[in-house]
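Understanding the architecture of this molecule
Chain by chain, the residues:
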Protein chains: 2
Amino acid sequence: MKWSELSDNWCPVARTLSIVGDRWTLLILRDCFLGLSRFEQFIESSGMTRHILAERLKRLVEAGILERRQYSDGPKRYDYVLTDKGQELAPALMTLRDWGKRHMPVRRATAG
Amino acid sequence: MKWSELSDNWCPVARTLSIVGDRWTLLILRDCFLGLSRFEQFIESSGMTRHILAERLKRLVEAGILERRQYSDGPKRYDYVLTDKGQELAPALMTLRDWGKRHMPVRRATAG
DNA sequence: CCCATAAGTTTCGTTTTGGAACTATGGCAA
DNA sequence: TTGCCATAGTTCCAAAACGAAACTTATGGG
């Protein structure tokens, strides 16, 4: 079965995962909840490639989870902010965070 | 950045996602919460390939989320059950389910 | 004119995935 | 004792996704 076919699955968990159930997407949303909104910020914070970030942002906007917003008119620049629909993913992020805190202790530092 | 490097990230959300943040893994866990435990059951319920299922089960066992348990001694057969650590992912599954119910309505039936 | 900033896009080699066939183990029945 | 079934995997190959890095587009400033 193709992953994309999951968006019409009977199970609401599966339908949710058809959007956020991949490597990186939930990390972008985490960054949004931390207050980040710009392309370069997501790149720096998450460590994903520009290539993939661009594709994920497009999907999140199409899904109505993020909104692409022009924030500069000089050189036209855009950033991404959570919609109401996106905001409502907060509980999901929080439960994943809580589980991680309890069950996934850090073994060694991420960087020096 | 490689996905596997995420397991030592400072952020507990990222560390959690280093295990469950891929296509399919959370669906396996959903099935476990629905009472399924056998290889063939996961295959039938989720629609993923045997190949990927085998790999994901191995990772979940290594992570201490599932336990591989012999359930038959005639032909030796094994199934998979949630550990306490795995059980504690229930809130995460429930928040994803609730969000899906609210924001991801079914467009058409999955099958005829 | 040249450099910097910032949001992307393109290219290309590597890794992961999907699909389907195949393997291993043992029960059961003719 | 042979052959078929069930079940948990493994193997193989082509297709899709991904990572890394260079390139593009648009504008402002020295």
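A short tour of the structure in this document, coming up. Quantities reported herein were computed from a predicted structural model and do not represent experimental measurements. (Residues numbered from 1 in each chain as written. Chains lettered and ligands numbered in written order. Predicted model: local features only at pLDDT ≥ 70, side-chain atom pairs only at ≥ 80, totals over all residues. Heavy atoms only, no water.)

1. Concerning the overall build of chain A
Basically, it comes down to this: Think of it this way: any DSSP run of H or I at least four residues long counts as a helix, any run of E at least two long counts as a strand, and we number them from the N terminus. Residue burial is assigned from relative accessible area. The probe radius is 1.4 Å, only protein chains are included, and a residue is buried under 20% of its type maximum, exposed over 50%, and partly exposed in between. Two residues form a contact once any of their heavy atoms are found within 4.5 Å. Surface accessibility in these figures is a Shrake-Rupley result with a 1.4 Å probe; residues are shielded only by whichever protein chains are displayed. Two residue types count as positive, namely Lys and Arg, and two as negative, namely Asp and Glu; His and chain ends fall outside the count. The location of each charge is read from NZ of Lys, CZ of Arg, CG of Asp or CD of Glu.
Counting its secondary structure elements, chain A contains 6 helices and 2 strands. For chain A, the α and β elements follow one another from N to C terminus as α-α-α-α-β-β-α-α. C-alpha atoms of chain A, sized along the principal axes, occupy 45 × 45 × 25 Å. Looking at chain A as a whole, 49% of its 112 residues are labelled buried. Long-range contacts, defined here as pairs at least 24 residues apart, represent 38% of the contacts in chain A between residues at least 6 apart. About 6,000 Å² of surface is accessible on chain A, with carbon and sulfur atoms providing 50% of the total. One finds the centroid of the 19 positive side-chain charges in chain A at a distance of 6 Å from the centroid of its 14 negative side-chain charges.

2. Points about the protein's contact with DNA strand C
Here is the rule: We call a residue near a molecule or strand when any one of its heavy atoms sits within 4 Å of it. By the criterion applied in these results, polar contacts are pairs of N or O atoms within 3.5 Å in which, for protein atoms, one can donate a hydrogen and the other can accept it, and in which residues neighboring in sequence qualify only through two side-chain atoms.
Taken together, 22 residues form the shell around DNA strand C, and within it A:Met1, A:Glu40, A:Arg68, A:Arg77 and A:Tyr80 come nearest. Taking all atoms of DNA strand C within 4 Å of the protein, the share assigned to sugar and phosphate is 58%. In the model, a base oxygen of DNA strand C is placed 2.9 Å from a nitrogen or oxygen of the A:Arg77 side chain. B:Trp24 has a polar side-chain atom sitting 3.2 Å from a phosphate oxygen of DNA strand C. Where the surface near DNA strand C is concerned, the elements lending two or more residues are α3 (39–46), α4 (50–62), β1 (66–72) and β2 (77–82) of chain A together with α4 (50–62) of chain B.

3. Here we look at the interface of chain B and chain A
This is how the line gets drawn: What gets called buried area is simply the loss in accessible area from a 1.4 Å probe that two parts show on being joined, summed for both. Between Lys or Arg on one side and Asp or Glu on the other, a salt bridge is scored when a side-chain nitrogen of the former is within 4 Å of a carboxyl oxygen of the latter. In this count, Pro and Cys sit with the nonpolar residues alongside Ala, Val, Leu, Ile, Met, Phe, Trp and Tyr, while Asp, Glu, Lys and Arg are called charged and the others, Gly among them, polar.
With 49 residues of chain B at the contact, the number on the chain A side is 49 residues. Roughly 4,700 Å² is buried in total at the junction of chain B and chain A, and carbon and sulfur atoms are behind 66% of that figure. Counting the surface chain B buries against chain A, the share from its top three residues, B:Asp8, B:Arg23 and B:Trp99, is 16%. Counting across the interface, chain B meets chain A through 2 salt bridges. B:Glu88 is paired through a salt bridge with A:Arg102; the nearest N and O atoms lie 3.3 Å apart. One can count 17 residue pairs in polar contact (both at pLDDT 80 or more) joining chain B with chain A. Counting residues per element, the ones that place at least two in the side of chain B that touches chain A are α1 (12–20), α2 (25–33) and α6 (90–103) of chain B. It is α6(B) that contributes the most residues to the side of chain B that touches chain A, 11 residues altogether. When the residues that make up the side of chain B that touches chain A are grouped by side-chain class, the tally is 25 nonpolar, 11 polar and 13 charged.

4. Some thoughts on the packing of aromatic side chains
Condition: The criterion for an aromatic pair is that two Phe, Tyr or Trp rings (for Trp, the six-membered ring) have centres within 6.5 Å, with stacked assigned to planes under 30 degrees apart, edge-to-face to planes over 60 apart and tilted to the rest. Only when the NZ of Lys or the CZ of Arg is both within 6 Å of the ring centre and within 35 degrees of the ring normal is a charge said to sit over the ring.
Applying the stated criterion across every chain yields a total of 1 aromatic pair over all chains. Taken together, a centroid distance of 4.8 Å and an interplanar angle of 85° make the contact between A:Trp3 and B:Trp24 edge-to-face. One end of the pair, A:Trp3, is in the segment before α1 (12–20); the other, B:Trp24, is in the loop between α1 and α2, on a second chain. Above the plane of the ring of A:Tyr78 lies A:Arg68, whose end atom (NZ or CZ) is 3.9 Å from the centre.

5. Examining the pairing of strand β1 (residues 66–72) of chain B
Residue and element names in this part refer to chain B. Under the convention used in this document: DSSP bridges decide pairing: two strands pair if at least two such bridges lie between them.
As defined by bridge partners, β1 adjoins strand β2 (residues 77–82) across 6 bridges and the pair is classed as antiparallel. Pairing of Arg69 across the sheet is with Asp79, part of β2. Hairpin connection from β1 to β2: 4 residues lie between these consecutive antiparallel strands.

6. Thoughts on the protein's contact with DNA strand D
Around DNA strand D, the surrounding shell holds 22 residues, and the nearest of these are A:Arg56, B:Met1, B:Glu40, B:Arg68 and B:Tyr80. Side-chain polar atom of B:Arg50 to a base oxygen of DNA strand D: 2.9 Å apart, as the coordinates give it. One of the side-chain N or O atoms of B:Arg77 is found 3.0 Å from a base nitrogen in DNA strand D. Listing elements by their share of the surface near DNA strand D, those giving two or more residues are α4 of chain A together with α3 (39–46), α4, β1 and β2 of chain B. Broken down by element, the surface near DNA strand D gets its largest block of residues, 4 residues, from α4(A). For the surface near DNA strand D, a count of residues per class yields 8 nonpolar, 4 polar and 10 charged.

7. A look at helix α6 (residues 90–103) of chain A
In an α-helix, one turn spans 3.6 residues; hence positions three or four apart end up facing the same way. Where we set the bar: By this rule the span expected of a helix is its residue count minus one, scaled by 1.5 Å.
Between its first and last C-alpha, α6(A) extends 20 Å over 14 residues, near the 20 Å set by a 1.5 Å rise per residue. Listing the buried residues of α6(A) in full gives A:Ala90, A:Ala92, A:Leu93, A:Thr95, A:Leu96, A:Trp99, A:Gly100 and A:His103.

8. Details of the nonpolar core
Cut-off, in case you're wondering: To form a nonpolar core, buried Ala, Val, Leu, Ile, Met, Phe, Trp, Tyr and Cys residues must be joined to one another through side-chain atoms within 4.5 Å.
With 62 residues, the main nonpolar core has A:Ile28, A:Leu29, A:Leu66, B:Ile28, B:Leu29 and B:Leu66 as its most contacted residues. If near-sequence neighbours (up to four positions away) are discounted, A:Ile28 is found in contact with A:Phe42, A:Met48, A:Leu53, A:Arg56, A:Leu57, A:Leu60 and A:Leu66.

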